[in-house]
Amino acid sequence: TKPSYKWRRVLLKVSGEALSGDQAQNIDPKVTMAIAREVASVTRLGIEVAIVVGGGNIFRGASWAGCSGLERSSADYIGMLATVMNAIFLQATMESIGIPTRVQTAFRMSEVAEPYIRRRAVRHLEKGRVVIFAAGTGNPFFTTDTAAALRCAESESKYSLSLKSTMVFVRNMEDHLNSGISVNAEVVLKATNVDGVYDQDPKKNPEARLLDTLSYQDVTAKDLSVMDMTAITLCQENNIPVVVFNLSKPGNISKAIMGERVGTLIGG
Ligand code: UDP
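The name an unreviewed UniProt entry gives the protein is UMP kinase, with Papaver somniferum as the organism. Quoted verbatim from the Sequence similarities (unreviewed entry) field of the UniProt record, the comment on the protein reads "Belongs to the UMP kinase family." Note on the protein: under the UniProt heading Pathway (unreviewed entry), the record states "Pyrimidine metabolism; CTP biosynthesis via de novo pathway; UDP from UMP (UMPK route): step 1/1."

In structure tokens:
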């Protein structure tokens, strides 16, 4: 019998902001545990999960640059180190509920984590381990959304799901099994605190309408701040559709991965 889910491999982007929940602390252990549980429920079905983690809950380079003579590059390296802290926290949480997890960093920190090696990451995934990509792209002036789009394109994932918090890249299982040809069509599912993209700000206008579909041009021209320009451009150039959906609704990550219709589809 056919499995009911569509995807075989996903890449989930978890922003730092999502990790802090409503805590005054940088990280809310309830949030990391909730993510770990959702990921566990999906890995149990045999879906492979990679994660790109952000660092905005601890340090954002752009907001600190210029302060006390701090150069943008130095500030961004501090930001990238922040993502490593989150990655290790998330790894520890995952492993506490029995999910084997590896952290790979975009620059070397070999006493702490593996360096990013694409083939090795793929091998871990094939063995059913979760791989967390930390330190973004390893380059100042970029974001972890861009890192997620990049890792997605690199890993030949067919879809990427980005949550607010989060970006998940998935590969179409049937295509994989039937043709074995990587089509490189990809989707970013991005979870926010709202149900998707609205035609107006729903907090300011109760008449705001939830949009089912949008083009990439709509996003850039209307500056809908779904993700930064580099990340959305990378998705557009690689035909990675983006789905924006609500992360705070329990079960939404697994629904999105299973191909159920949630949120707003961009460039699909
Ligand atoms: N960063 C960077 N290069 C990257 C990814 C991240 O320099 O490829 C730095 C940047 O300073 C950024 C910080 O790391 O502000 C945290 O990442 P991001 O803001 O993307 O985290 P999120 O918004 O997902 O929490």
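This part covers the overall build of the protein. The helix and strand tally for the protein stands at ten helices and eleven strands. Within the protein, the fraction of its 268 residues that count as buried is 47%. When contacts within the protein are restricted to residue pairs at least 6 apart in sequence, those whose partners lie at least 24 apart make up 70%.

Time to look at the packing of helix H2 (residues 29-43) against helix H4 (residues 72-96). The interhelical angle for the contact between H2 and H4, taken along N-to-C directions, is 55°, at an axis separation of 9 Å. One element, H2, and the other, H4, form an angle in the oblique class. Viewed along their axes, H2 and H4 form a crossing whose handedness is right-handed. Counting all contacts with H2, which are made through Thr32, Met33, Ala36 and Val39, the residues of H4 involved are Phe89, Leu90, Thr93 and Met94. Taken together, the residues of the contact of H2 with H4 break down into six nonpolar, two polar and no charged.

On to the packing of helix H6 (residues 144-154) against helix H9 (residues 229-237), then. Close contact between H6 and H9 brings their axes to 8 Å; oriented N to C, the two are set at 20°. In terms of orientation, H6 lies roughly parallel with respect to H9. Considering only the axes of H6 and H9, their crossing is left-handed. In this structure, H6 uses Asp145, Thr146, Ala149, Leu150 and Ala153 to contact H9, whose residues at the interface are Thr230, Ala231, Leu234 and Cys235. Classifying every residue of the contact of H6 with H9 by side-chain character gives six nonpolar, two polar and one charged.

With that settled, consider the UniProt feature "domain: Aspartate/glutamate/uridylate kinase" (unreviewed entry) in the protein. With numbering matched to this structure, UniProt assigns "domain: Aspartate/glutamate/uridylate kinase" (unreviewed entry) to residues 9-154 and 182-246. Summarising residues 9-154: 47% helix, 16% strand, and an end-to-end C-alpha distance of 13 Å.

With that settled, the discussion passes to the site of the ligand. Around the ligand sit 23 residues, and of these Gly54, Gly56, Gly61, Gly79 and Gly136 come closest. Class assignment for the residues of the shell around the ligand results in six nonpolar, 13 polar and four charged.

Analysis parameters
Residues numbered from 1 in each chain as written. Predicted model: local features only at pLDDT ≥ 70, side-chain atom pairs only at ≥ 80, totals over all residues. UniProt positions renumbered as here; feature names shortened; annotations may be inferred. Helix = DSSP H or I, 4+ residues; strand = E, 2+ residues; numbered from the N terminus. Buried ≥ 20, exposed ≤ 12 C-beta atoms within 10 Å, placed from the backbone. Contact = placed C-beta atoms within 7 Å. Axes fitted to C-alpha atoms, helices over the stretch in contact; angles between N-to-C directions. Parallel < 35°, antiparallel > 145°, perpendicular 65-115°, else oblique. Left-handed = near helix turned anticlockwise from the far one by under 90°. Nonpolar A, V, L, I, M, F, W, Y, C, P; charged D, E, K, R; others polar. Near = placed C-beta within 6 Å.

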